[in-house]
Amino acid sequence: MPKLTIDGKEIEVPAGTNLIEAARRLGIEIPHYCYHPGLSIAGQCRLCMVDIEKTPRPTIACNTPATDGMIVHTQTDRVKETRRSIMEFHLINHPLDCPVCDQAGECWLQIYYMQHGLYDPRMKDEKVHKPKAVPLGPHVMLDAERCILCSRCVRFCDEVTQTGELGIFNRGDHSEIGLFPGADLTNKYSGNVVDICPVGALTDRDFRFQVRVWYLDTTKSICPGCARGCNIDVHVNRRRPHHAEGRRVARVKPRFNEDVNRWWMCDEGRYGYGFVDAPTRLVLPVRNDAGETRELSWGGAIAAVVDALGRTPADQTAIIASPKLANEDLFAIKTLAEARGIRQVGFRVPPPEPGYEDDFLIRADKNPNTRGAELMGLDGKVDKILNEATAHRVRSLLVFEHDLFDTGWRESDVRSALEAVDTLIFVGPNGSRTSDRAHLALPASAWVERDGTFTSFEGRVQRFRPALGALGEAIPTWEIVGRILAATGAPVTATRAEHWFRALAAGVPAFAGLTYQSIGDTGAMTAGTAPQAPAEAKA
Amino acid sequence: MSEKILSRNFGVKDSHTLKVYRETGGYTALAQALGREPAAILDEVKKSNLRGLGGAGFPTGMKWSFIPKNHSGPVYLVINADEGEPGTFKDRYLLERDPHALIEGMIIAARAIKSALGFVYIRGEYVEPWRRFTAAVREAYDAGYLGQGFDIVVHRGAGAYICGEETGLISSLEGKKGWPKVKPPFPAIKGAFGQPTIVNNVETICCVPHIINRGAAWFAGLGSKTQGGTRMYSVSGRVTTPGVYEESCAITLRELIERAGGVSGSGRLKAVVPGGSSAPILAAHEIDVVMDVDGLRNAGTMAGSAGVIVFDDTVSIPEALMVVARFYAHESCGQCTPCRESTGWIYKMCHRIVEGKGRKDDLDTILDVAKRGAGTTICAFYDGAVGPYISYIEKFRGEFEALCQR
Ligand SMILES: Cc1cc2nc3c(=O)[nH]c(=O)nc-3n(C[C@H](O)[C@H](O)[C@H](O)COP(=O)(O)O)c2cc1C
Ligand code: SF4
Ligand code: SF4
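Residues numbered from 1 in each chain as written. Chains lettered and ligands numbered in written order. Predicted model: local features only at pLDDT ≥ 70, side-chain atom pairs only at ≥ 80, totals over all residues.

This next bit is on the overall build of chain B. Along the backbone of chain B there are 17 helices and 9 strands. Against the globule reference of 22 Å for 406 residues, chain B gives a C-alpha radius of gyration of 21 Å, in line with a compact fold. Dimensions of chain B, computed from the C-alpha atoms along their principal axes, are close to 70 × 45 × 35 Å. By the burial criterion, 58% of the 406 residues in chain B qualify as buried. In chain B, of all internal contacts separated by at least 6 residues, the share reaching a separation of at least 24 is 71%. (Helix = DSSP H or I, 4+ residues; strand = E, 2+ residues; numbered from the N terminus. Rg over C-alpha atoms; globule rule 2.2 N^0.38 Å. Buried ≥ 20, exposed ≤ 12 C-beta atoms within 10 Å, placed from the backbone. Contact = placed C-beta atoms within 7 Å.)

Take a look at the structure:
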C-alpha cells in the first residue's frame, strides 16, 4: 500500500488509488468534472490538476495513481491559477442562463466558479450556439449549450448500460452531445445520466421546472420498486407546496451503496413514486355497506375489524399480506395471526405478467420485501385461500396492499372469492378495485411517510425513513395491526416501527442481533446470508 | 548539397515499382537484417542517432526499446502517414515515389520490435499515395517479402489533422473517434487494441534500410551531433522553387531557402515557419539556425515535421495568424477543455483584429489565454497551436497593433 503526502498530510491508500480518491480520504477535495469513480478515466476536463514534487508541470489527479513517497500539493499558486484558467475555458461559451436552469443550486459550474474561478470575464465575442431543449428519450432533456463535454453521459451509456446511444459529434468548440442516428435514450437506466451530468445540460423531464432545488429536503430511503432495494434519497418539496401542483415527492435520486447499487438506479424505480401523491390514496377509514360508503373514525374502524374477527372462527379467517410491506408490518401481522390462531396466511400473489429482469440491478420480483416475508414464515398458499373463500370456508379476509384484480389470477375467480366472504378488510395506501369491494378499507401511510425496513433478495435489511407526513388519516400498517391487536386484548407495547423491529429480531432467528443502529445507512445482512457480488456493469 | 538517400530514386522512372526498387539495391537491407538478431538491429538504429521525423523528434531506437520485454501478446507497428501538418508534404513523395522503401523499413523495424502486424494509416486526401502504396504492398506479398511472419494492413483516414497525433491515430485505427488518449499509458506499453505499439512516421522508417545497409556510424555522420541522417524538408510559400529538399539535418535555414531558389514575391524575407504550422515563427534575422531538432529548439522554435513556410514582406502576419488560428479551431478534436474552448475563442479574436474590429487588449488576451492553456492538455495539439499564437504576436506586435484601433 503506497504511502503519500497530500498538502502535508500523510496517508496510506490501496495500490491503484488515484490522487482524487486519496485526497478525498483526507477530506481534501480536488475539483473535477469528467472524473467519476464509476466510469473510466477520460482526463478531459483538465480541472483536477495538482502539483506533484519532481514533476515539472501540474498533473491531472484523476489519471495519476498514488505511489509511495509521492508528495502532492493541491493548493499551490500554480494549481490555483490553472484551475482559474480552466474554469474560464469551461464558461466562455456557456449561456449563463442559471435563472431558468433546473440545475441552478446544485451546478458544479456555479460551485466551482465561486470556489476556484472568480475571474473577470474577458469573452466579448459571440458564443457558439448549439441545440437547446432536445428530448433525448422519455426522461432526459439536453441543452447542448450548457454542456461542458465531460463525456460522463457518453461513458455511462458505453460502459454501464453498454447501450451506446450517446456520442460527441463534431469537433473543437462545435463538439456536442447527441444521439447516434436511430437511437433514443431509452435504456432502463437513462435517468442516471442526469445525476452524473455535473451541469444543467441533461435535465430530468419529470423534474424540469417543478421546483427549485433549494426548496427540497432530502431523506434517506430504499427504492420499493423491486427486490434489489437500491438505496435512494427522496427529495420532497415541503416548502413551496404551490410550485408543483401539490406533488410532494419532487424526485428520487440513487444513494451510493457500494454493495447494492453503487451510484445507480433504474428508471422504473426512479419514476415509480407517483402512487404517493396519486388521487387513489386512501385518506380515511371507510365502511362500504351495500354500495353505501361511510367514513369511520380510527376507533370505529378498529372496533369493526375486531368485531369481524370475533365473529369468525380462526380457521375461517385468512390474511393475504404483501411483499410490499415493511418487515415491521409483516411481523405485526405475524403476531396478530399467531395471537388469533389464524393459520391461513400468505403473501405471494402471481404478477399479471413476469417481471423484467437484467444482470445489473433490475429484479423480476417487483416487491421490495419478498425475502422478509419468507424469512418470517408467512409464505402460505394464497391460491388456496382464494379457493377456500369461494367455497365459503373463509369468511373474514384481510388483504394488505394488493389489488387482487391486477394479478395473474382470472378476474372472475377473484370476484367470486371476494363476493363469497362475509367481511373483506383492506389495508393499504392506495385504493383499487379490491379496496372498492372491501367492507372495511383502512388507509396506510406510504413508505415515504414512515419508518421501516425491507429485506432485499440477497437478505440485506435496509432502512427507510419518513420524508413526509402521512396524507389524511393514514397511519403505518404496523400501527393499524397493533391497534387491532390491542383491541383484541393482546399486550402491545410497540409505539414505533423500531419497537416492532426489536420484537422481530427477538422472534425470528434470521433477524437476530439486528438493530436500527446496526443496519445504519448501508444495511445489514440477515443471519445465514452472505452479500452477493456488488452490482457490476452489465456483461 | 548532401547525398540523396531517401530521395535518391525520386527522379527514376517507375521508382515506385518493385522492379526498379530492386534494381537500385532495394530489399538488400532486409536480407541482411534477417540474418541479425532483433537486439542487434535495435542497437544499430540506436547508434545511428535516428530521431523521429514526424514531429516530436524522439530518438527512434529508444522508443523501440520501450516495448515490454516480457510481453506475450501481439506487438504492433503503426506507420503514421497522416501528414496533416500544414506546410508538410514529404511523406506524400515517399509513398508515391518510393513505397517499397517504407515496406522494407517496416519489415526490418518489425523484426527489431518483434511485431507480426503493421498498420499504415494514410491521410484520407492522399489518394494517389494510397494507390501507389497498396500496389507496392501487393507486389511485396507476391514477391514473398510480406506474409512471411509480417503483414501490413493499409488504413485510410478521413481527413482529420488530429488523427496524425499518435494516440488519436490509434483511436481512429481502432474504429473510434480520433481522440487522443490520456497518457500514461504510452503506446509502447498499451497502444493499438490495448497492445504494445510503436508509432513511427513514414520518413523515419524509410531511413531504416539505409542504416542497416550502410551502418549506424555512416548514418550518424550525415547529420548533426545529436541527430543522424538527412531529412526531407518541405519548402513552400514565397520561394522560387517550392518542393521537397533532402538535406543534412545540419543545414541552416538560410542555406535551405537558397536551395529552394531564394525568397520570391518581393524578394525580401519577412519570416519563416521552420517546422510545420505548429513551429513558432522565426523573423528574417533569425534564419542562421541549424535545422536539426536541437538547433531549432535552442532558437525557441522546433524542427517539427520540417515543413518550411517562407513569408516575404508582403505577407500580413495578422492575416497569417488568422488562417493558422482558423485551422487549429477547426481541427481541435474538442476533447479537452482548454484546447476546445480557446482555439475557437482565439480564432474569433484574430478574425476580429483582421477585420479592423480589434481592441488593444485583445492581443494581451490572446497571449494570456494561450499561455494559460499551454501544457494543460491531453495531447500536443494545443501546444502546437500556442506556438504560432504567441510567436506571431510577440515578434510582430506592431503589425497587430496597427490593426487594433480601438
Ligand atoms: C496534433 C499533432 C499532429 C500530428 N500529426 C502527425 C502527422 O501527420 N504525421 C506524423 O508522422 N506525425 C504526426 N504527429 C506526431 C506523432 O504524434 C508522433 O510523434 C509521430 O508519428 C511519431 O513518429 P516518429 O517518432 O517517427 O516521428 C502529430 C502530433 C501532433 C501533436
Ligand atoms: S451532457 Fe452533461 S454529462 Fe454529458 S458531456 Fe455534457 S456536461 Fe457531461
Ligand atoms: S489538446 Fe486539443 S486536440 Fe489534443 S486532445 Fe485536447 S482537445 Fe484534442
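Turning next to the site of ligand 1. Residue and element names in this part refer to chain B. Gly52, Gly54, Gly164, Asn201 and Thr204 are the nearest of the 24 residues found near ligand 1. A per-element tally of the shell around ligand 1 places strand E4 (residues 197–201) first, with 3 residues. Grouping the constituent residues of the shell around ligand 1 by class yields 9 nonpolar, 10 polar and 5 charged. Domain assignment of the residues forming the shell around ligand 1 places at least three in each of domain 1 (18–222) and domain 3 (317–403). (Near = placed C-beta within 6 Å. Nonpolar A, V, L, I, M, F, W, Y, C, P; charged D, E, K, R; others polar. Domains from an automatic or database assignment.)

On to the domain arrangement of chain B, then. Residue and element names in this part refer to chain B. By domain assignment, chain B separates into domain 1 (18–222), domain 2 (230–312) and domain 3 (317–403). Relative to domain 2, the C-alpha centre of domain 1 lies at a distance of 26 Å. Each side of the interface is counted separately: domain 1 has 14 residues, and domain 2 has 19 residues. Its residues assigned to classes, the side of domain 1 that touches domain 2 shows 5 nonpolar, 5 polar and 4 charged.

This next bit is on the pairing of strand E16 (residues 317–320) of chain A. All names here are of chain A. Here E16 shows two buried faces, one formed by Thr317 and Ile319 and the other by Ala318 and Ile320. One ladder, built from 3 bridges, connects E16 with strand E17 (residues 344–346); its direction is parallel. In the sheet register, Ile320 faces E17, and the bridge partner there is Gly346. In this region the chain leaves E16, passes through helix H8 (residues 327–340) and returns to the parallel neighbour E17; the handedness of that crossover is right-handed. (Pairing = 2+ DSSP bridges. Right-handed = clockwise from strand over helix to strand, strands pointing away.)

Turning our attention to the site of ligand 2. Surrounding ligand 2, one finds 14 residues, the nearest of these being Cys147, Cys150, Cys153, Cys197 and Ala201 of chain A. Residue composition of the shell around ligand 2, grouped by class: 12 nonpolar, 1 polar and 1 charged.

With 27 residues of chain B at the interface, the matching set in chain A holds 24 residues. In terms of residue count, the dominant contributor to the side of chain B that touches chain A is helix H14 (residues 337–354) of chain B (11 residues). Within the side of chain B that touches chain A, the residues separate by chemical class into 8 nonpolar, 13 polar and 6 charged.

Okay, the packing of helix H15 (residues 360–373) of chain B against helix H16 (residues 381–395) of chain B next. All names here are of chain B. Between H15 and H16, the shortest axis-to-axis distance is 9 Å and the interhelical angle comes to 150°. Classified by the angle between their axes, H15 and H16 sit roughly antiparallel to one another. Read as a crossing pair, H15 and H16 show a hand that is left-handed. In contact with Leu363, Ile366, Leu367, Ala370, Lys371 and Gly373 of H15, H16 contributes Tyr382, Val386, Tyr389, Ile390 and Ile393. (Axes fitted to C-alpha atoms, helices over the stretch in contact; angles between N-to-C directions. Parallel < 35°, antiparallel > 145°, perpendicular 65-115°, else oblique. Left-handed = near helix turned anticlockwise from the far one by under 90°.)

Let us now look at unusual backbone geometry. Omega for the bond connecting Lys183 of chain B with Pro184 of chain B falls within 30 degrees of zero, at -10°, which places this linkage in the cis form. Note that Pro184 of chain B resides in the loop between helix H8 (166–173) and E4. Going from Pro184 of chain B to Pro185 of chain B, the amide bond is cis rather than trans, its omega being 0°. Considering the arrangement of structural elements, one finds Pro185 of chain B in the loop between H8 and E4. Backbone geometry places Arg46 of chain A, a non-glycine residue, at a positive phi of 65°. Mapped onto the secondary structure, Arg46 of chain A falls in the loop between helix H1 (19–25) and strand E3 (49–52). Backbone geometry at Tyr27 of chain B places phi at a positive 65°, although glycine is not the residue there. Residue placement: Tyr27 of chain B occurs in the loop between helix H1 (18–23) and helix H2 (28–34). With 19 C-beta atoms counted inside 10 Å, the residue Tyr27 of chain B sits in the partly exposed group.

Moving on, we get to the domain arrangement of chain A. Residue and element names in this part refer to chain A. By domain assignment, chain A separates into domain 1 (3–90), domain 2 (99–103 + 123–277) and domain 3 (286–525). On a C-alpha basis, the centroid separation for the pair domain 2 and domain 3 is 34 Å. Contact residues are listed per partner, giving 26 residues for domain 2 and 25 residues for domain 3. Examining the composition of the side of domain 2 that touches domain 3, we find that 4 residues originate from one element, strand E11 (residues 216–222), more than from any other. The residue makeup of the side of domain 2 that touches domain 3, split by class, is 14 nonpolar, 7 polar and 5 charged.

A separate point is helix H10 (residues 382–390) of chain A. Residues and elements named next belong to chain A. Residues of H10 that are buried include every one of Val382, Ile385, Leu386, Glu388 and Ala389, and no others. Looking straight down H10, one finds that the buried residues subtend no more than 165° of arc, so they occupy a single side. As for H10, its buried residues are in contact with E16, E17, strand E18 (396–400) and helix H11 (411–420). Looking one or two residues beyond H10, the residue adopting positive phi is His392, at roughly 65°. (Arc of directions from axis to C-beta.)

So, about helix H7 (residues 298–311) of chain A. Here H7 of chain A spans 20 Å end to end across 14 residues, near enough to the 20 Å set by a 1.5 Å rise per residue. On its buried face, H7 of chain A sits against E16, H8, E18, strand E19 (423–428), strand E20 (440–443) and helix H13 (477–487) of chain A. (Expected span 1.5 Å × (residues − 1).)

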